[in-house]
Amino acid sequence: MPHPFRRLSPLLTLGLVLAAATGAWAQNYQLGPIRIDKPWTRATPPAVPTGAGYLSLTNEGREADRLIEVTSPIAGRAEIHTMETADDVARMRWQKDGVALPPGQTIEFKPGSTHIMFLDLAQPIRPGTRVPLTLVLERAGKVEIELVAAPMGTTSAPDGSKAGVAHHGKH
């Protein structure tokens with residue numbers, strides 16, 4: 001008689017694939033008044049030394065804050081970039097002073113817009129992996145989060161999320 005889990009294996013596999021494809025395992029984080037939602041990245045091809053990270057930052061407080069630094073062990077360096085289009089030419093610009101987080105507002109980091117740029121990747125980002133990222137905010141401090149890697153070509157944040165607990169310390 002076959003083991004009862006053997007019959008469920010294809011269904012379980014399909015469920016896990018669907019969960020991964022929809023990002024059902026993405027996490028949200030809270031650091032004081034700053035809420036960090038849907039942190040994700042995309043898988044990268046083997047020979048490409050760069051990648052990008054995306055998330056949304058909501059300042060639920062009464063005072064402005066600023067994202068001033070990002071770091072990750074997967075890259076030689078990480079930077080905050082914006083993407084601007086002028087005369088049908090897209091240009092990325094490093095935001096050396098960071099990104100302002102006005103009270104009561106949400107700043108979206110997304111493809112073709114503000115994003116986190118990973119430079120000098122140590123290895124390709126593979127679908128389904130979790131990429132550690134440290135965010136440093138001027139007022140709220142430092143928080144360590146994980147970005148979930150979506151398949152190459154993904155253009156928006158995977159749906160679904162579970163609350164996560166941030167590991168943080170004052171900057």
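Shown above is the structure to which this text applies.
First, a word on what this report is: a plain description of the structure on this page. It should be emphasised that the depicted structure is a prediction, and the values quoted were computed from it without experimental measurement.

Cut-offs applied
Residues numbered from 1 in each chain as written. Predicted model: local features only at pLDDT ≥ 70, side-chain atom pairs only at ≥ 80, totals over all residues. Heavy atoms only, no water. Helix = DSSP H or I, 4+ residues; strand = E, 2+ residues; numbered from the N terminus. Areas by Shrake-Rupley, 256 points an atom, 1.4 Å probe, with all protein chains shown as cover. Phe/Tyr/Trp six-rings, centres within 6.5 Å; stacked < 30°, edge-to-face > 60°. Buried < 20%, exposed > 50% of the residue type's maximum accessible area, 1.4 Å probe, protein only. Pairing = 2+ DSSP bridges. 1 Å grid on protein atoms, 1.4 Å probe; cavity = no way out; pocket = protein on both sides within 12 Å on 5 of 7 lines; lining within 4 Å. Points joined across faces, edges and corners; volume = space filled by probe spheres on them. Nonpolar A, V, L, I, M, F, W, Y, C, P; charged D, E, K, R; others polar. Contact = heavy atoms within 4.5 Å. Salt bridge = Lys/Arg side-chain N within 4 Å of Asp/Glu carboxyl O.

Okay, the overall build of the protein next. Counting secondary structure elements, the protein contains 1 helix and 13 strands. In sequence order, the secondary structure elements of the protein are arranged as α-β-β-β-β-β-β-β-β-β-β-β-β-β. Accessible area of the protein: about 10000 Å², with a carbon and sulfur share of 55%.

Let us look at the packing of aromatic side chains. Across all of its chains, the model carries 1 aromatic pair by this definition. Taken together, a centroid distance of 4.6 Å and an interplanar angle of 40° make the contact between W40 and Y54 tilted. With W40 in strand β2 (residues 34–42) and Y54 in strand β3 (residues 50–59), this pair connects stretches of sequence that are 14 residues apart. W40 gets classed as buried once you look at its relative accessible area, which sits at 3%.

By the criterion of burial, β3 is predominantly enclosed, with 9 of the 10 residues buried. In this sheet, strand β8 (residues 106–109) lies alongside β3 in antiparallel orientation, the contact comprising 4 bridges. Residue pairing in the sheet places L57 in a bridge with I107 of β8.

Within this model, the largest pocket holds a volume of roughly 150 Å³. If you trace the largest pocket, you find it lined by I74, A122, Q123, P124, I125, R126, T129, R130, V131 and P132. Of the residues belonging to the lining of the largest pocket, the class tally is 6 nonpolar, 2 polar and 2 charged.

Moving on: the environment of M92. Looking at the element boundaries, M92 is found in strand β6 (residues 89–94). In sequence terms M92 and T82 are 10 residues apart; their C-alpha atoms lie 5.6 Å from each other. In this view, M92 contacts H81, T82, M83, H115 and M117; residues no more than four positions away in its chain are not counted.

Let's shift gears to the pattern of salt bridges. Counted under the stated rule, the structure contains 6 salt bridges. Among the ionic pairs, R139 bridges to E63, the shortest N-O distance being 2.1 Å. Note that R139 is positioned in the loop between β10 (130–137) and β11 (141–150) and E63 in the loop between β3 and β4 (65–71), a separation of 76 residues in sequence. Relative accessible area serves as the criterion here: at 42%, R139 is assigned to the partly exposed category. Members of the salt-bridge network, linked through shared partners, are R35, D37 and E60.

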